[in-house]
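The residues making up each chain are set out below.
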Amino acid sequence: MLTYTPPSLHLHLHLHRYPHSTTISSSLHHHPNHPTTTAPDPVLRIHNSKTTSFLHHRQPATTTTNETKNPPQEYENDHHHHRDSEDKPKTPPHILPPQEKQNILEMSLVTKRGPQFPGSIYANSLPSLQSVIQTQNEDDEDDEEVMIRRALDIRRKVTAEVFKAAMKKGKFGITYSTNLVNRLPDFIDHVMIEAAALKRSPEFKDSTFNLRAKLVIDHSNVVPLIRWLKHNNLSYPKIAKLICMSKGNLDSIRRLVEWLKTVYVKGEFLGATLLKSGDDILHRSLEELDEIVDYLESNGVRRDWIGFVISRCPRLLSYSMEEVKTRVDFYLNMGMNENDFGTMVFDYPGVLGYFTLEEMNQKVNYLKEFGLSTEDVGKLLAFRPQLMGCSIEERWKPLVKYLYYLGISRDGMRRMLTIKPMIFCFNFEATIAPKVQFFRDIGVREDAIGNMLVKFPPLLTYSLHKKIRPVVIYLMTKAGVTEKDIGKVIALGPELLGCNIAKTLEVNVKYFLSLGIRVRQLGEMIGDFPKLLRYKVDLLYPKYQYLRRTMVRPLQDVIEFPRFFSYSLEERIIPRHKIMVENRVNFKLRYMLACTDEEFNQRVADKVERRRRFESGRMDDAVSGSQMAEGTLGKTASSSLSS
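What counts and what doesn't
Residues numbered from 1 in each chain as written. Predicted model: local features only at pLDDT ≥ 70, side-chain atom pairs only at ≥ 80, totals over all residues. Heavy atoms only, no water. Helix = DSSP H or I, 4+ residues; strand = E, 2+ residues; numbered from the N terminus. Buried < 20%, exposed > 50% of the residue type's maximum accessible area, 1.4 Å probe, protein only. Core = buried A, V, L, I, M, F, W, Y, C linked by side-chain atoms within 4.5 Å. Domains from an automatic or database assignment. Contact = heavy atoms within 4.5 Å. Arc of directions from axis to C-beta. Phe/Tyr/Trp six-rings, centres within 6.5 Å; stacked < 30°, edge-to-face > 60°. pLDDT = per-residue confidence, 0-100. Salt bridge = Lys/Arg side-chain N within 4 Å of Asp/Glu carboxyl O.

Student: Go over unusual backbone geometry with me, naming the residues and quoting the values.
Tutor: Residue Asn221 is not a glycine yet carries a positive backbone phi of 60 degrees. Examined against the element boundaries, Asn221 turns out to sit in the loop between helix H11 (209-220) and helix H12 (222-231). Here the phi dihedral of Arg584 falls at roughly 50 degrees; this positive angle occurs in a residue that is not glycine. Inspection of the secondary structure puts Arg584 in the loop between helix H34 (569-582) and helix H35 (589-593). Assessed through its relative accessible area of 59%, Arg584 is described here as exposed.

What follows is the structure in C-alpha cells.
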C-alpha cells in the first residue's frame, strides 16, 4: 500500500541518502539574485517551511559540484516525482495506514503538544485531522467508529493526566495517584462528559479542554474527599470503588461515613461496610437507616453492638423496614426473647441478613426432623446461630448419612446436635472421618465408636494432631496404658481426650506414682476406670488419707478398686464406714460403695444376722456340750455310789 509523503520531506530524505550532495548554509550567506557559492565549512540544519520552499525553488539552477550535475538515479526519480506533483492539479492524498492515522489523531487531540522550535518541519508537514477524515471512505462506518473510539481513549488519557495533576497538587504521591486513577474509569468519564458540557456555556466557549476538566475536578472536591477517606483507614481500591459508586455525588460518601461513625462502626470497617451495603446505599436517606437501627435496638440488640453487627452484615442497610421486621419476627416467633435474639445477632450477624426467608425456613424444618420442637430449634439457633449458615445438601445430609453408617440413631444425633451443634457445621470428610479412622487404628471397636461419639460429642471438635493424638501417646508412654487396653480406655473414657496434659494428666499420674503405685499397676487402674486421671489432686488426697488412716485399709484395696476416688467422702464413704463400724462388719470397697443405700443396708443386715447366727450357734454348741458333760459326771457318781 502506498504511503503519503509530504513534499517538504523530500529534501530531508535526500539529505539522509546523500549527505554530501548539497550543502546549504544559513540564509545570511545566500541571496536569490546572487550565484550559489560553496562555503568552506557549511553549517547543516533542518529547515523550516520557508527555507524548504526556497530550496525547492533554487534546486534546478544550482550546480556547484559534480554530484549535483549528475545526481544519482534514485534522487532523480524523487526530484521528478516532486516536480510532477507541482505541475499536476492537486488530488486527494492516498488513504493513510492505521498507524499514521493514530499518530495524527493523537497529535490533533492531545492538548499539550511537544515544543516547536525554529527549523522543525515535522509538525507543520503533517496533514490536519480534518484532511485525514476527509480522505477516508465516507461509507466506511466501522472505520469512523474506530476513529471515534480512539479519540475518546485519548480524551480519557488527557482527563486522567489532569486528575493526576490535581492529586499531585493535593500532596499525593505519584504511585498512589497513578494506582487510584487507574481504578476510576467511571469517574474519569464523568469528568470528561462534564468538561465537554461546559463548552456549551458562553463563559467557557473558547477555553481549552484541560481548563474545563480541571474546573470540574476542583468543583467536585474529590481530592479533599480522597484525603479524608484515606485518613479514615480506607485503602485506595476501596476509595476508587466508592467514588465510582457515587456517580458524581461525592457528598453522599462523606454523609454516610459520618452516619456510620455515629453507630460505632470502626474506621477499619468503614470501607468494607460501604462497599458491601449495596449499590443504592449512597442514595438512601439517613432517616431510613436510623429507623432500622432503632428497631434492632428495641428488640435486644444493644446500641454499642450496632456497629459490630452492621460491619459484619452490611446488607442489613440495603433492606427496607418491612424486610427487616419480617426477618426479626422469624426468630422471635420461635420463642426467643429479646436477650436471646440480641446475643444471637451479636454472635453471628449474618443470621439476620445473608439468607433468604425461604432458605431460613428450609433449615428450620430440617432441624425439626431430628425430633426437635419449634422452641427447641429457637434455643438451638440462639446458642449456635452459625447453623443457619450451613448448607443442607452440602453439609447436613452427608454428615447425617455418615453418622447413620456409624450406627448412631436419630436420638443420638439429636443429643449430639443439642450438646455440640458445632458438629453440624463441620465438613465431615475433612474433620470427622480422619478422627474416626484414628479411633479404629488404636483399637476402638466399630460398634463402640458411635456410642463414644454420642456419649461425648465435644470429642469431634478437638484437633486430631494437636489434642487427640498427643493424649493417646501420653497415656501409652507415661501412664502405663498398654496397646491392648488403649482402645478400651478411649471408648470408656473419651473425656480423657479433652484433658490438658500438663495441667491435669501429668499432675495426676505423678500423684498416684508418689503413693507407691507402679506404672504398670496405674495402667491397669486406668483401664478399669479411665476417669481416674480427670480428678483434681485436692479431691483425691482427703479420700486416700481417710482410707489409710481411719479405715486402715491397704494400698492394694485402691489398686483393685480405683473407683473408690469417684465417690463423695462426706456423703458416701464416711457414713457407710460408720455404719460398718457400728455393726462390727467389714466389706471390700467394691461391695461397700458400689451399691445403693438400700442394698448397702441390706448387706449390713445380712452380715449382722449371719454373725448372730454364728455366735448363737457357738453358744448352743457350748450349752449342749456342758449338759453332756454334767450327765456323764452324774452317771459316774451314781455308779460309784452303788458300787
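Anyway, onward from the coordinates.
Student: Go over the nonpolar core, please, and point to the residues and values.
Tutor: Counting residues in hydrophobic clusters, the biggest one holds 168 residues, and the most contacted among them are Tyr331 and Phe439. A domain split of this core shows at least three residues from each of domain 1 (463-534) and domain 2 (555-612). Apart from the residues lying within four places of it in its own chain, the contact partners of Phe439 are Val444, Ile449, Met452, Leu453, Leu459, Ile468, Ile490 and Leu497.

Student: Can you explain helix H26 (residues 433-441)? Please cite residues and give values.
Tutor: Think of an α-helix as 3.6 residues a turn; residues three or four steps apart then line up on the same face. Here H26 has its buried residues at Lys435, Val436, Phe438 and Phe439. What you see down the axis of H26 is that its buried residues fit within an arc of 155 degrees, all on one side. Buried residues along H26 sit in contact with helix H23 (392-405), helix H25 (428-431), helix H27 (446-455), helix H28 (464-477) and helix H29 (486-492). After H26 finishes, the residue Gly443 shows a positive phi value of roughly 105 degrees.

Student: With reference to specific residues and values, describe the packing of aromatic side chains.
Tutor: A complete count under the given rule lists 19 aromatic pairs for this structure. Each ring, one from Tyr331 and one from Phe341, has its centre 6.4 Å from the other, and the planes form 45 degrees; the classification is tilted. You can see Tyr331 sitting in helix H18 (residues 321-332) and its partner Phe341 sitting in helix H19 (residues 338-347), a full 10 residues away along the chain. Residue Phe341 is classed as buried on the basis of its relative accessible area, which comes to 0%. Plain terms: the ring middles of Phe587 and Phe600 are 6.2 Å apart, the flat faces sit at 65 degrees to each other, and that makes the pair edge-to-face. Taken together, the positions of Phe587 in the loop between H34 and H35 and Phe600 in helix H36 (residues 597-642) put the pair 13 residues apart, joining distant regions of the chain. The class of Phe587 is buried, set by a relative accessible area of 13%. Among the aromatic side chains, those forming a connected cluster through ring pairs are Tyr366, Phe370, Trp396 and Phe424.

Student: Give a description of the confidence of the model for the chain that names residues and reports values.
Tutor: Confidence in the prediction for the chain averages 78 pLDDT; 74% of positions are at 70 or higher. Across the chain, the secondary-structure element scoring lowest on mean pLDDT is helix H1 (residues 10-17), at 39, and the one scoring highest is H28, at 94. Note that residues 61-94 has pLDDT below 50 and, in this model, 28 contacts with residues that lie over four places away or in other chains. pLDDT under 50 marks residues 120-130. Its contacts with residues more than four places away, or in other chains, come to 19 contacts.

Student: Give a detailed account of the pattern of salt bridges, specifying residues and quantitative values.
Tutor: Counted by the stated rule, this structure contains 20 salt bridges. The partner of Asp218 in a salt bridge is Lys214, with the nearest N and O atoms 3.0 Å apart. Highlighted residues: Asp218 and Lys214, both in helix H11, separated by 4 residues, approximately one helical turn. Taking the shortest distance from any N to any O, the salt bridge between Glu615 and Arg611 comes out at 3.8 Å. You can see Glu615 and its partner Arg611 sitting in helix H36, 4 residues apart, about one turn around the helix. What emerges from the salt-bridge pattern is a single network uniting Asp153, Arg156 and Asp189.

Student: With reference to specific residues and values, describe the side chain of Arg553.
Tutor: Within the secondary structure layout, Arg553 lies in the loop between helix H32 (537-550) and helix H33 (555-560). Classification of Arg553 by relative accessible area gives buried; the value is 9%. Not counting chain neighbours up to four residues away, the residues in contact with Arg553 comprise Leu547, Arg548, Met580, Asn586, Phe587, Lys588 and Leu589.

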